[in-house]
Amino acid sequence: MLPRGRPRALGAAALLLLLLLLGFFQFGGDLEYGRPRGAAALDGAPPADPGGHNRSDCVQPRPLAPKCELLHVAIVCAGHNSSRDVVTLVKSILFYRKNPLHLHLVTDAVARSILEMLFHTWMVPAVRVSFYDADELKPQVSWIPNKHYSGLYGLMKLVLPGTLPLDLARVIVLDTDVTFASDIAELWALFAHFSDEQVIGLVENQSDWYLGNLWRNHRPWPALGRGFNTGVILLRLDRLRQVGWEQMWRLTATRELLTLPATSLADQDIFNAVIKEHPGLVRPLPCVWNVQLSDHTLAEGCYSEASDLKVIHWNSPKKLRVKNKHVGFFRNLYLTFLEYDGNLLRRELFGCPSLPHPGAEQWQRALAQLDGEDACSEFRQQQLTVHRVHVTFLPHEPPPPRPLDVTLVAQLSMDRLQMLEALCRHWPGPMSLALYLTDAEAQQFLRFVEASAVLSARQDVAYHVVYREGPLYPINQLRNVALAQALTPYVFLSDIDFLPAYSLYDYLRASIEQLELGGRRKAALVVPAFETLHYRFSFPRSKAEVLASLDAGALYTFRYHEWPRGHAPTDYARWREAQAPYRVQWAADYEPYVVVPRDCPRYDPRFVGFGWNKVAHIVELDAQEYELLVLPEAFTIHLPHAPSLDLSRFRSSPTYRDCLQALKDEFHQDLSRHYGAAALKYLTALQQPRSPGA
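Residues numbered from 1 in each chain as written. Predicted model: local features only at pLDDT ≥ 70, side-chain atom pairs only at ≥ 80, totals over all residues. Heavy atoms only, no water.

Peer 1: So what exactly am I meant to see when it comes to unusual backbone geometry here?
Peer 2: Across residues other than glycine, the phi torsion is negative in most instances, and most of the peptide bonds are trans. With a phi close to 75°, Cys 68 is a non-glycine residue in the positive phi region. One non-glycine residue, Asp 571, lies in positive phi territory at about 65°. Within the fold, Asp 571 resides in the loop between β21 (556-557) and α20 (572-577). With relative accessibility at 31%, the residue Asp 571 sits in the partly exposed group. (Helix = DSSP H or I, 4+ residues; strand = E, 2+ residues; numbered from the N terminus. Buried < 20%, exposed > 50% of the residue type's maximum accessible area, 1.4 Å probe, protein only.)

This is the structure in structure tokens:
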């Protein structure tokens, strides 16, 4: 059934207001207009002073990279949670950027699967993305003992000069837990201030960690003064290769590990040990380019003097829960981008020619051909909308390979979240669920799952966020996303407001084996659908209890009162007595819930909103000669809920119904072109005007 929509996330105006306030925010520093009093000149590399400081300005002039210069950014990312962090980081970069970007992402297989789909569907102009396999880099750093929570991935920035393309001379390297509050081109422009010897640009570490006085027997790696933080790095890759960077850091790490048991801060310890030995390699950067909110941060000394901040770094394991008297301000900045509508970042860079995103030209031509006077233009535009897709939004463990396994596939929006816990109790097997959400709603969903003992315990449920855009609910696009991400040989195509029988998962697997569906036999197993009109009722544990509830009027065959044609071919009278699966014939408007192989035909994405979205899919299955076999012990029950917005529009708007009829007519024409004479039975049956099914 169709979920209802929610309002759009935080608007651009509210974001701009917050970010304007950021420019005037002051924690007590004595500021002149646009520059703190007493700020030193940018030029010149300040040495570490006796007090342990690598002195650098808190502000600097605002040079920018040349217009349209391509900026290169490298990020190491692994796993589901880190992938979400990358999205927030990239949003903050895109919000301010005025230059084309090339993102170089070093990822594991999980992060690549997520981010490849995300950037492909995001279609941001003037953004290229290249992926590098982190597993191939592990042997280069696996010999280094590391206590940091980032594990091996926290050491991979060391090998970037040998990993990134040899013709790439400069790159900005970022941790996933940083947030930009300025144009990244300003950071890129600081390469121009490097001396001929300098190869690494870093901000001083804003804690006393490397001074070794945080606790008794604290023994950090060697560093120049307070050392440097590697959450934001400028790398002159060409020069690093010339000076033999790989041999340099390996020799230093090998030597230090003779007396130190492991790195505590991953790559940062080794970078600092190398800089301690070769101080001329480093270019200290202004502190505002890496304001560090660690557990023992001294960052207030930076931001209390700065006229504006550039990059916020959540480098505590506690992240947003770090203890800091000003953390509320920084958290609001982060949350602004976390919940910001990423669709608004699909903006062109005027005056900067760039290669179009694959598929973007065809998509733009199709949009340009839409007739604004067409009463159904809303439907046409929704069909053409390319939604951002974030697969496996939460941590997910793929099910072990089983030849007869079944994944429940469904879709939902925010107002159906309450169904998830009950569904998990009824279906113990894997699930693939597509959620239609705004960016802000996606974060609410994340908190909802984290707060639920039932949901957070299920690692075999894959949640795929499809970001909201457009006025109509793209139900079949959502179903296709969930279906494409299913990993088992078979799928149960359901809807979120149905609860399957407690025993259905095991029964389906046994039925697949019994019917020998693993060979060439093409079959769709029909799960009979029922409904209750009561919000509270005792869920039947067996077919006998279903029959008793039917006889007592506590259950009905699904949509018996409104749309009996949709499920009448299931032949409920026969099901009452059946002891074995039985075959039924396709009939017009039939829309059962079925179990099919994962490689079954996809849903027709032209059907958006309410009406005919499942009916068209069953037509396609029948046209491809799938047998329809009703299972005698299977059942699923629909729970009552308020009508969806699209259903309300269908009932109240003649134009809506006319547009749906136009989509059906187009579907008929495509059937005829694709199946020729075999499509005649569908054309004859479907040309009779009726109310559409779901």
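Peer 1: Teacher, can you tell me more about the state of the cysteines here?
Peer 2: Note: disulfide means a covalent bond formed between the sulfur atoms of two cysteine side chains. Under the defined criterion, the tally for this structure stands at three disulfides. The disulfide bridge from Cys 68 ends at Cys 352, spanning 2.1 Å between sulfur atoms. Where Cys 68 bonds to Cys 352 through sulfur, the torsion about that S-S bond is close to -90°, and the disulfide is left-handed. A residue pair is termed long-range when its members are at least 10 positions apart, and Cys 68 in the loop between β2 (35-36) and β3 (71-77) and Cys 352 in the loop between α11 (327-338) and α12 (360-368) qualify at 284 residues. Residue Cys 352 is classed as buried on the basis of its relative accessible area of 9%. In this model Cys 376 forms its disulfide with Cys 659; the gap between the sulfur atoms is 2.1 Å. Judged by the sign of its S-S torsion, about -100°, the cystine formed by Cys 376 and Cys 659 is left-handed. (Disulfide = S-S within 2.5 Å.)

Peer 1: Whenever I open this one, the packing of helix α2 (residues 79-96) against α11 confuses me. Can you help?
Peer 2: Packed helix pairs are specified by the crossing angle of their axes together with the interaxial distance, meaning the distance between the axes. In contact at an axis separation of 8 Å, α2 and α11 are set at 90° when each is read in the N-to-C sense. Taken together, α2 and α11 sit at an angle that is classed as roughly perpendicular. Residue-level inspection shows Asp 85, Thr 88, Lys 91, Ser 92, Phe 95 and Tyr 96 of α2 in contact with α11, the latter providing Tyr 334, Phe 337 and Leu 338. Residue classes in the contact of α2 with α11 are distributed as five nonpolar, two polar and two charged. (Axes fitted to C-alpha atoms, helices over the stretch in contact; angles between N-to-C directions. Parallel < 35°, antiparallel > 145°, perpendicular 65-115°, else oblique. Contact = heavy atoms within 4.5 Å. Nonpolar A, V, L, I, M, F, W, Y, C, P; charged D, E, K, R; others polar.)

Peer 1: Can you walk me through the sheet that holds strand β15 (residues 431-437) in this structure?
Peer 2: Strand pairing in a sheet takes place through backbone hydrogen bonds and is either antiparallel or parallel in direction. In space, the nine strands of this open sheet follow the order β13-β16-β15-β14-β17-β23-β19-β24-β22, with mixed pairing throughout. The open sheet has two free edges, formed respectively by β13 (389-390) and β22 (582-584), since each of these has just one partner strand. With four bridges connecting them, strand β19 (residues 523-527) and strand β24 (residues 627-630) associate as parallel partners. Note on β24: the bridge partner recorded for Leu 525 is Leu 629. (Pairing = 2+ DSSP bridges.)

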